[in-house]
Amino acid sequence: MNRTEPAQAPQGHATPGRASTPRAARPERRLIGIPVSAGVAIGPIFGSAEPPTQVTRTKIHAADAQAEISKFEAAILQSRKQLQKLRARLGILPEDSQAEIAPLLDAYLAMIGPSRLVRGSRRRIAETLVSAETAVIDECEAIAEAIMAMPADGDPSGRKRRAEEVREISRRLLRNLTRTPFRSFAGLPAGAVLVAESLRPADAALLNPGQLAGVATDEGGSDGHTAIMLRAIGVPAVLGAAGLAQAAKPGDIVVVDGSTGEVVVNPSTATLAAARRAVTAFAREVQRLGRLRRLPSVSQDGVRVELQANLEIPAELPLIAQSGAAGIGLLRSEFLFMNRETLPDEDAQFETYRGVVEAMEGDPVTIRVLDWGGEKDIEALQGEGLVPEVADQNPALGLRGIRLLLRETELFETQLAAILRAAAFGPVRVLLPMVTTVGEVRAARDLYDRVLRRLRRRGEWLPERAPPMGIMIETPGAALSADALAAEADFFAIGTNDLSMYTLAVDRGESDVAHLYDPLHPAVLRLVQFAAQAAIGSGLPVSICGEMAANPKLTPLLVGLGIRSFSMNAAGVPRVKQAIRALDVGGCEAFAAAVMHESDPARIQALMEAGPG
Ligand code: PEP
Ligand code: MG
């Protein structure tokens, strides 16, 4: 979507331990990652290492020393895991790159093994009673200074390089200790391509699509929340391109193809010319699809299929309006809680929801209550002591979604009150995330009714009827008890991202297992079918709001399974509408029956390639 010509090299952060060579001398380097957001970007790379984390030096009380040491040890463990993961993935790089990068990672790992750095930091916390962050800064600085004071032994640049390696590991530890956003994007120059080892969803939410040409990272999976956020802001992006952050230097030109997953560092003249042609072709296609906006979403045999948009951040509203979506089928409210120190109060939330509801001018808005957990970090929740500072060992199976809200009822009730007040300004539905039991829905409804009564007593302006309260079907437990849940919920939204992750035991945001993440796996499809039938049999509205909904190749199958409502990233709406306008529902039903008859993923894949025919 974006194309920006390289103007000037941005001020990124130099990768430590690697001397810079003139650009002309560097050969073209191709890497393959996971395409997550369509479009081609051409631009200079913005930094591949983190900026120094802002830390204030603090003293602690003797009674807190043990807790501080535990925090330090958790950061060491996390840093080791990150580095070991990078080390394990080097195998897919060419041999010369491996030879260059592996010793560097080994040096980092040695520094946070049984080392002076670890012993010294621990001692500083216990004996001088300083915070873990202060101990790391002081110890690393002392080591770096000691290295610089050593005799040069014929390699003057070697000392400098080793001292910089210590500072680099210090930066990693501090980032993990403070859990601060991955980087500041304030200095990101217009037209640059952001290249990083990894990117958190909260960091992706800070990116300005008007400034940025594209994104490419070493880590990440196709349906993780970072990928979803990048699709939402419409920036061409490739995640999971192993070795990229180490191979690329700030200022190098890079081509990122968010449709094929190819990332080319230092492209040749021929590669650049081909990339420019791809940019033009993509822009033409977007323009062509834009013409579908006003056409109805109706099949050849006259069946209407509702197409709505998912919303990650309010900045997407203009894109949603352009897409022709008939409302918002999933408003992920996490953005309200991200990148802030304190929780938003009822009035602040109300204003935001009302803004979205009014912008939709009478089209329905489904607001999902906070789905904290998994890979979604929310500092404000940690700051308020509602969730632990150090993430669970297994966050995807922990206190996620409705589980946290039913424990922290004030948080839940505040959000429900804000949503109910916004519902006076247009049609709204409330959606509960990560439901697994009927009891959770009942408990949520009790709270919902209580909040409604309280608001009425307060004399708030409210809708005449309470907005419907539905549930996400995104765990195998929920899908398999969909018949019982249908008696409690007002609607279902099938979240195929988490449903695939939990069914297949594959982390949706993890590049190492990305090849196993398959929403077309027969187990996932059977759960979707069971849940859809339970809803249809009970007369309950049912939609698909996982990333599957945006793939037009899957539309015939999902329509054939009885789905008549889809919610997806705004950019996906025109393509899915095009698919719907071309299909025949009778044919889709026969096609779905044939697919569901298969239990072999390869056969299913082949049938999907062939289509309903
Ligand atoms: C899903 O899990 O499919 C879903 C839509 O929710 P999220 O992607 O926000 O987890
Ligand atoms: Mg989900």
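Residues numbered from 1 in each chain as written. Chains lettered and ligands numbered in written order. Predicted model: local features only at pLDDT ≥ 70, side-chain atom pairs only at ≥ 80, totals over all residues. Heavy atoms only, no water.

Student: What is the right way to read the pattern of salt bridges from this model?
Tutor: Pairs may arise between side chains of opposite charge once their charged atoms sit close together. Tallying each qualifying case throughout the model produces 35 salt bridges. Ionic contacts of the salt-bridge type, sharing partners, join the residues Glu334, Arg368, Asp371, Arg400, Asp498 and Arg508 into one network. (Salt bridge = Lys/Arg side-chain N within 4 Å of Asp/Glu carboxyl O.)

Student: Looking at this structure, I do not really get the confidence of the model for the protein. What am I missing?
Tutor: The predicted coordinates of low-pLDDT regions are not to be read in fine detail. Across the protein, the average pLDDT comes to 88, with 90% of residues at 70 or higher. Confidence drops under pLDDT 50 across residues 1-23; counting only partners more than four residues distant or on other chains, this segment forms 68 contacts. (pLDDT = per-residue confidence, 0-100. Contact = heavy atoms within 4.5 Å.)

Student: What is the right way to look at the pairing of strand E8 (residues 262-265) in this model?
Tutor: Alignment of strand E1 (residues 29-32) against E8, held across four bridges, turns out to be antiparallel. Bridging across to E8, isoleucine 32 finds its partner in glutamate 262. In this structure, strand E7 (residues 253-257) lies alongside E8, joined through three bridges in antiparallel fashion. Bridge pairing in E8 places valine 255 opposite valine 264. What sits between E7 and E8 in their antiparallel hairpin is a turn of four residues, with glycine 261 showing a positive phi close to 90°. (Pairing = 2+ DSSP bridges. Helix = DSSP H or I, 4+ residues; strand = E, 2+ residues; numbered from the N terminus.)

Student: I would appreciate a short explanation of the sheet that holds strand E5 (residues 212-217) in the present structure.
Tutor: Pairing between sheet strands relies on hydrogen bonds along the backbone, with the strands arranged either parallel or antiparallel. Reading across the sheet, the eight strands line up as E1-E8-E7-E3-E4-E5-E6-E2 and stay open at both edges, with mixed pairing between neighbours. The open sheet has two free edges, formed respectively by E1 and strand E2 (34-37), since each of these has just one partner strand. Strand-to-strand, the axes of this sheet are offset by a mean angle of 30°, without reference to chain direction. Across the sheet, helix H9 (residues 269-290) lies against E1, strand E3 (40-46), E7 and E8, angled at about 125° from E3, the strand it touches most. (Axes fitted to C-alpha atoms, helices over the stretch in contact; angles between N-to-C directions.)

Student: Mind showing me how you'd approach the site of ligand 1 here?
Tutor: Residues in close proximity to ligand 1 total 17 residues, the closest being Arg332, Arg368, Gly495, Asn497 and Arg508. Residue histidine 225 places a side-chain N or O atom 3.0 Å away from an oxygen atom belonging to ligand 1. Its free accessible area being 290 Å², ligand 1 has 100% of it covered by the protein chains. Secondary structure elements with two or more residues in the shell around ligand 1: helix H7 (225-233), strand E10 (328-332) and helix H18 (496-504). Residue composition of the shell around ligand 1, grouped by class: four nonpolar, five polar and eight charged. (Near = heavy atom within 4 Å. Polar contact = N/O pair within 3.5 Å; in protein donor to acceptor, adjacent residues only side chain to side chain. Areas by Shrake-Rupley, 256 points an atom, 1.4 Å probe, with all protein chains shown as cover. Nonpolar A, V, L, I, M, F, W, Y, C, P; charged D, E, K, R; others polar.)

Student: Help me out: how do you make sense of the packing of helix H1 (residues 65-88) against helix H4 (residues 132-149) in this one?
Tutor: Any two packed helices are characterised by the angle at which their axes cross and by the distance between the axes. Across the interface, H1 lies against H4 with an axial gap of 9 Å and an inter-helix angle of 60°. By the angle class used here, H1 and H4 are oblique. Each of Glu68, Lys71 and Phe72 in H1 lies in contact with H4, whose residues at this interface are Ala132, Glu133 and Val136. Among the residues forming the contact of H1 with H4, the class breakdown is three nonpolar, no polar and three charged. (Parallel < 35°, antiparallel > 145°, perpendicular 65-115°, else oblique.)

Student: It is not clear to me how the coordination of the magnesium ion (ligand 2) should be interpreted in this structure. Could you clarify?
Tutor: When a metal carries six donors in an octahedron, the ideal angles between them are 90 or 180 degrees, while four donors in a tetrahedron ideally lie at 109.5 degrees. Surrounding the magnesium ion (ligand 2) are the protein donor atoms Glu474 (OE) and Asp498 (OD), which sit 2.0 Å from the metal. Highlighted residues: glutamate 474 in the loop between strand E13 (469-473) and helix H16 (476-480) and aspartate 498 in helix H18, separated in sequence by 24 residues. Across this residue pair, the class does not change: glutamate 474 and aspartate 498 are buried. (Donors = N, O, S within 2.8 Å, 3.2 Å for Na, K, Ca; no water. Buried < 20%, exposed > 50% of the residue type's maximum accessible area, 1.4 Å probe, protein only.)

Student: How should helix H14 (residues 409-422) be read in this particular structure?
Tutor: Two residues of an α-helix separated by three or four positions point the same way, owing to the 3.6 residues in each turn. Here H14 is 14 residues long and its end C-alpha atoms lie 20 Å apart, about the 20 Å a rise of 1.5 Å per residue gives. Of all the 14 residues making up H14, 11 are buried; the element is thus mostly covered by neighbouring parts of the structure. Listing the buried residues of H14 in full gives Leu411, Phe412, Glu413, Gln415, Leu416, Ala417, Ala418, Ile419, Leu420, Arg421 and Ala422. Close packing links the buried residues of H14 with helix H11 (346-359), strand E11 (365-368), helix H12 (379-383), helix H13 (402-407), strand E12 (428-432) and helix H15 (438-457). (Expected span 1.5 Å × (residues − 1).)

Student: I keep staring at the packing of aromatic side chains and nothing clicks. Help me out?
Tutor: We describe a pair of aromatic rings using the distance from one ring centre to the other and the angle between the two ring planes. Within the structure shown, the criterion is met by two aromatic pairs. Look at phenylalanine 350 and phenylalanine 425: their rings are 6.0 Å apart centre to centre, the planes differ by 50°, and that puts the pair in the tilted class. Taken together, the positions of phenylalanine 350 in helix H11 and phenylalanine 425 in the loop between H14 and E12 put the pair 75 residues apart, joining distant regions of the chain. Phenylalanine 350 gets classed as buried once you look at its relative accessible area, which sits at 8%. A ring pair is formed by phenylalanine 425 and tryptophan 461, whose centres lie 5.1 Å apart and whose planes are at 85°; its orientation type is edge-to-face. In this pair, phenylalanine 425 is assigned in the loop between H14 and E12 and tryptophan 461 in the loop between H15 and E13, connecting sequence segments 36 residues apart. Classification of phenylalanine 425 by relative accessible area gives partly exposed; the value is 26%. Of the aromatic side chains, those joined through ring pairs into one cluster are Phe350, Phe425 and Trp461. Lying across the ring of phenylalanine 425, arginine 354 places its NZ or CZ 5.1 Å from the centre. When the ring centre of phenylalanine 350 is taken as reference, the NZ or CZ atom of arginine 421 above it lies at 4.2 Å. (Phe/Tyr/Trp six-rings, centres within 6.5 Å; stacked < 30°, edge-to-face > 60°. Lys NZ or Arg CZ within 6 Å of the ring centre and 35° of its normal.)

Student: Just checking my understanding: could you explain empty space enclosed by the protein for this structure?
Tutor: Counting across every chain of the model gives four cavities of 30 Å³ or more. Considered as a void within the structure, the second largest cavity measures approximately 80 Å³ in volume. Counting residues per element, the lining of the second largest cavity draws most heavily on H7, which supplies three residues. In the lining of the second largest cavity, the residues fall into five nonpolar, one polar and four charged. (1 Å grid on protein atoms, 1.4 Å probe; cavity = no way out; pocket = protein on both sides within 12 Å on 5 of 7 lines; lining within 4 Å. Points joined across faces, edges and corners; volume = space filled by probe spheres on them.)

Student: Where do I start with helix H3 (residues 116-128) in this structure?
Tutor: For H3, spanning 13 residues, the distance from its first C-alpha to its last is 17 Å, which sits close to the expected 18 Å at 1.5 Å a residue. Every buried residue of H3 is accounted for by Leu117, Val118, Gly120, Ser121 and Ile125. One or two residues past the end of H3 sits leucine 129, with phi positive at roughly 50°.

Student: What's the story with the environment of isoleucine 563 in this structure? I'm lost.
Tutor: Considering the arrangement of structural elements, one finds isoleucine 563 in the loop between helix H20 (555-560) and strand E16 (565-568). Distance from isoleucine 563 to glutamate 306, taken between C-alpha atoms, is 9.4 Å for residues 257 residues apart in sequence. Discounting residues that sit within four places of it in the chain, isoleucine 563 has contacts with Ile494, Ala532, Val542, Ile544 and Leu558.

Student: In this structure, what is going on with the environment of glutamate 133? I would like to understand it.
Tutor: Tracing the backbone shows glutamate 133 in helix H4. Residue classification places glutamate 133 among the buried residues on the basis of a relative accessible area of 11%. Once the C-alpha coordinates of glutamate 133 and leucine 174 are considered, the two residues, 41 residues apart in sequence, prove to be 6.1 Å apart. Leaving out residues up to four positions away in the same chain, glutamate 133 has contacts with Val55, Glu68, Lys71, Leu174, Leu177 and Thr178. Within the structure, glutamate 133 has its side chain in polar contact with the side chain of lysine 71 (distance 3.2 Å).

Student: Would you mind showing me how to read the layout of surface pockets here?
Tutor: The gaps of empty space that remain are located by a probe, the size of a water molecule, rolled over the atoms. As a volume, the second largest pocket reaches approximately 1,400 Å³. Forming the boundary of the second largest pocket are 42 residues, of which Arg231, Ala550, Asn551, Pro552 and Asn569 lie nearest the centre. Two domains share the lining of the second largest pocket, each providing at least three of its residues, namely domain 1 (23-50 + 188-289) and domain 3 (476-613). (Domains from an automatic or database assignment.)

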